[in-house]
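Residue-level structure breakdown
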Amino acid sequence: MGGTRYDLGARLSRAKEAGYGFKSASEIFVQNQLGMAHESMNPNGITFREARDSEVHPNTVPIILGLDVTGSMGHIPHELIKEGLPKLMGGIIQGGVPDPALLFLGIGDHECDRFPLQVGQFESGDEELDMWLTRTYIEGGGGGNAGESYLLAWYFAAFHTKTDAFEKRGQKGLLFTVGDEPNLPTLPASAIKEIMGSGQQTYTSLELLKEAQKRYEVYHISVLHSDQAIRANVAWKELLGQNCLSIEDHKEIPNVIKKIICDTHKSSGSGLGTIPLDGLDNIEML
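These numbers come from a predicted model, not from an experiment.

Turning to the sheet that holds strand β3 (residues 100-107), a few remarks are in order. Strand order in the open sheet made by the 6 strands is β4-β3-β2-β6-β9-β10, with mixed pairing throughout. Each of the sheet's edge strands pairs with one partner strand only, and the pair in question is β4 (117-119) and β10 (244-247). Looking at each pair of strands side by side, their axes are set apart by 20° on average, direction ignored. As paired strands, strand β2 (residues 61-68) and β3 are joined by 8 bridges and run parallel to one another. By the bridge assignment, Gly 66 is partnered in β3 with Leu 105.

Printed below as a string of structure tokens:
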């Protein structure tokens, strides 16, 4: 991972060839045709996902994006592959952060779903990121249990990632979850063992949040497209304060994330400078 750059021109050409702009989600997200998660995104047995520096990306900025893939939120990965992902990556790089490394997580409901956690790899290149995003199984599940398993993103970030940003530079990564439900309050040891292959401790969501915050700035984007989502947003605000970001239009997700990442690294004094990005002028054409 991490050995390629994000090329907007190449991405635009490939997106046209692949039909991202007009194909349905089921045509693009092939795991939905199979009705199961991709083997490479099965977290069972994963020790770590790593965001390491390279000659191409000497100052990696690890970013985790946990996407709710339950019924009410399953359209968002489709929007990202159509136009949101190149806007996000192009905006981050043009905004002065040349070495982003993005990891996708698919988040469901560990109490109800067959595949409550799906895990990609930290990547920087356009082709690799498209691959992991389109491998995601949009399970469309969830249940009537007043919550989803956003805390799985915190668990995975805390215990199953390693980054040169933190280990070499003491720099935290950025972790975003996106959803419209409350967070489930507890992650039992039994669920961890079933999902990850091992697990001996039950965690509360607050415990996992604190663990994740040791190495990541943790944010949640509440998509306020229903009365239930508006009510859930109240609890998120109480938990995360200004790190809970509320939006009504899900198409604003790339802009919100881009702004936070660029503002964070400008204020950190890390000295990351703007670099040219191939095909940047195409960003408005996607």
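Further notes follow.
Turning our eyes to something else, we now look at the packing of helix α1 (residues 8-18) against helix α5 (residues 126-135). It is at 9 Å that the axes of α1 and α5 come closest, and there the two elements cross at 40°. In terms of orientation, α1 and α5 fall into the oblique class. For the pair formed by α1 and α5, the contact residues are Ala 10, Arg 11 and Arg 14 on the first element and Asp 126, Glu 127 and Asp 130 on the second. Of the residues in the contact of α1 with α5, the class split is 1 nonpolar, no polar and 5 charged.

It is worth spelling out the layout of surface pockets at this point. Approximately 200 Å³ is the volume found for the largest pocket. Taken together, Asn 42, Pro 43, Asn 44, His 110, Asp 113, Arg 114, Phe 115, Pro 116, Leu 117, Ala 191, Glu 194 and Ile 195 make up the lining of the largest pocket. Examining the composition of the lining of the largest pocket, we find that 3 residues originate from one element, helix α8 (residues 189-196), more than from any other. When its residues are assigned to classes, the lining of the largest pocket shows 6 nonpolar, 3 polar and 3 charged.

Attention shifts here to the pattern of salt bridges. This model, assessed by the stated rule, comprises 12 salt bridges. The partner of Glu 167 in a salt bridge is Arg 52, with the nearest N and O atoms 2.9 Å apart. With Glu 167 in helix α7 (residues 164-169) and Arg 52 in the loop between β1 (49-51) and β2, this pair connects stretches of sequence that are 115 residues apart. Lys 214 is the salt-bridge partner of Glu 211, the closest N and O atoms lying 3.2 Å from each other.

Along the polypeptide, Leu 240 turns up in helix α10 (residues 227-240). Sequence separation between Leu 240 and Ala 146 is 94 residues; the distance between their C-alpha atoms is 19 Å. Discounting chain neighbours no more than four positions away, the residues touching Leu 240 are Leu 209, Val 218, Tyr 219 and His 220.

For His 265, the position within the fold is in helix α11 (residues 253-267). Looking at His 265, the relative accessible area reads 6%, which means it is buried. Counting along the chain gives 204 residues from His 265 to Val 61, while the straight-line C-alpha distance between them is 9.1 Å. At a separation of 3.4 Å, a polar atom in the side chain of His 265 contacts the side chain of Gln 171.

The rules we used
Residues numbered from 1 in each chain as written. Predicted model: local features only at pLDDT ≥ 70, side-chain atom pairs only at ≥ 80, totals over all residues. Heavy atoms only, no water. Pairing = 2+ DSSP bridges. Helix = DSSP H or I, 4+ residues; strand = E, 2+ residues; numbered from the N terminus. Axes fitted to C-alpha atoms, helices over the stretch in contact; angles between N-to-C directions. Parallel < 35°, antiparallel > 145°, perpendicular 65-115°, else oblique. Contact = heavy atoms within 4.5 Å. Nonpolar A, V, L, I, M, F, W, Y, C, P; charged D, E, K, R; others polar. 1 Å grid on protein atoms, 1.4 Å probe; cavity = no way out; pocket = protein on both sides within 12 Å on 5 of 7 lines; lining within 4 Å. Points joined across faces, edges and corners; volume = space filled by probe spheres on them. Salt bridge = Lys/Arg side-chain N within 4 Å of Asp/Glu carboxyl O. Buried < 20%, exposed > 50% of the residue type's maximum accessible area, 1.4 Å probe, protein only. Polar contact = N/O pair within 3.5 Å; in protein donor to acceptor, adjacent residues only side chain to side chain.

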